[in-house]
Amino acid sequence: MLYIDGIPLEYHGAKLLDFVPGFPSLTNTVLERKNYALPRLLRSEVAPKPLTVKVTIRQPTYREAMQTASRLILALNKTVELYGPDGLYYRAAMDGSPSFNWLSIGLLEVGLSFRAVAHGALEVVEIPRNNYPLHYPGTAPAGYKIEFTAPTALSSFTIGGITLASIPNGAKIVIDGIEKMITQNGANKFTESNLIDFPRFDPINPDMIITMSQYIPITISYYPTYM
């Protein structure tokens, strides 16, 4: 079974034939030392993985099959959330033109290629105290979202090295490392922060401590992301 933005593939008039995730490409910066000394990995970047999907469309005529295929391509020609038969979600975008193969009258095979990031369902963690340990279970980097409501007016507040200034009582704060924004009651608050890098998990160092300048009940949410 394949879902496109939560809608079964069959709704689009197609049946899943094949679903093949590839492995993401790695771009590594390696320090090579003289005299055959051990190399050192300085930096590693993970690119979205290839994903190949084949579906079949059966209609009474060539024309109806092509119209159904056109509607399917229209639904996929954007950033989509696919839920695959392997039980993972894929944030995906088509990276080329689809292929078409007529198997018989009105029976069309459509090949689709994507670049995709595989992830699990959204995890939401309530942070019950300061200096709270948090473990990230993914195998690829992933941004995470910090949310809280100010219990009183705060001249400043720091969490994980990110400092925000001038927070009114009752303000809803979102530091969003997934969508890359900082808001206060929905309005942009980036200029009232010291942010350099949005918060994200590093699978090489999956255990972290959530520290704050003072304890406020906060929520951290993220998608465990996999290579």
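The structure we're discussing is the one just above.
Parameters and conventions
- Residues numbered from 1 in each chain as written.
- Predicted model: local features only at pLDDT ≥ 70, side-chain atom pairs only at ≥ 80, totals over all residues.
- Heavy atoms only, no water.
- Core = buried A, V, L, I, M, F, W, Y, C linked by side-chain atoms within 4.5 Å.
- Buried < 20%, exposed > 50% of the residue type's maximum accessible area, 1.4 Å probe, protein only.
- Helix = DSSP H or I, 4+ residues; strand = E, 2+ residues; numbered from the N terminus.
- Contact = heavy atoms within 4.5 Å.
- Salt bridge = Lys/Arg side-chain N within 4 Å of Asp/Glu carboxyl O.

Peer 1: So, the nonpolar core: which residues are in play, and what are the values?
Peer 2: With 27 residues, the main nonpolar core has F157, I159, I167, I175, I210, I218 and I220 as its most contacted residues. When residues of this core are traced back to their parent elements, those giving at least two are β11 (123-127), β13 (142-149), β14 (154-159), β15 (162-167), β16 (172-176) and β21 (218-222). Considering each element in turn, this core owes the most residues, four residues, to β13. Setting aside residues no more than four positions away along its own chain, I159 makes contact with I146, I175, I210, T211, M212 and I218. Core analysis: the second largest hydrophobic core is formed by 25 residues, L51, L82, L108 and F114 among them.

Peer 1: Can you break down the environment of V174 residue by residue, with the values?
Peer 2: As for its position among the elements, V174 is in strand β16. Judged by relative accessible area, V174 falls into the buried class, the value being 14%. Once the C-alpha coordinates of V174 and M208 are considered, the two residues, 34 residues apart in sequence, prove to be 20 Å apart. Other than its neighbours up to four places away in sequence, V174 contacts K145, I146, E147, M181, I182 and T183.

Peer 1: Report on the pattern of salt bridges, specifying residues and quantitative values.
Peer 2: Scanning all chains against the criterion turns up seven salt bridges. Residue K145 pairs with D176 through a salt bridge whose shortest N-O separation is 3.9 Å. You can see K145 sitting in strand β13 and its partner D176 sitting in strand β16, a full 31 residues away along the chain. Residue classification places D176 among the buried residues on the basis of a relative accessible area of 5%.

What is shown is where atoms sit, not what they do.
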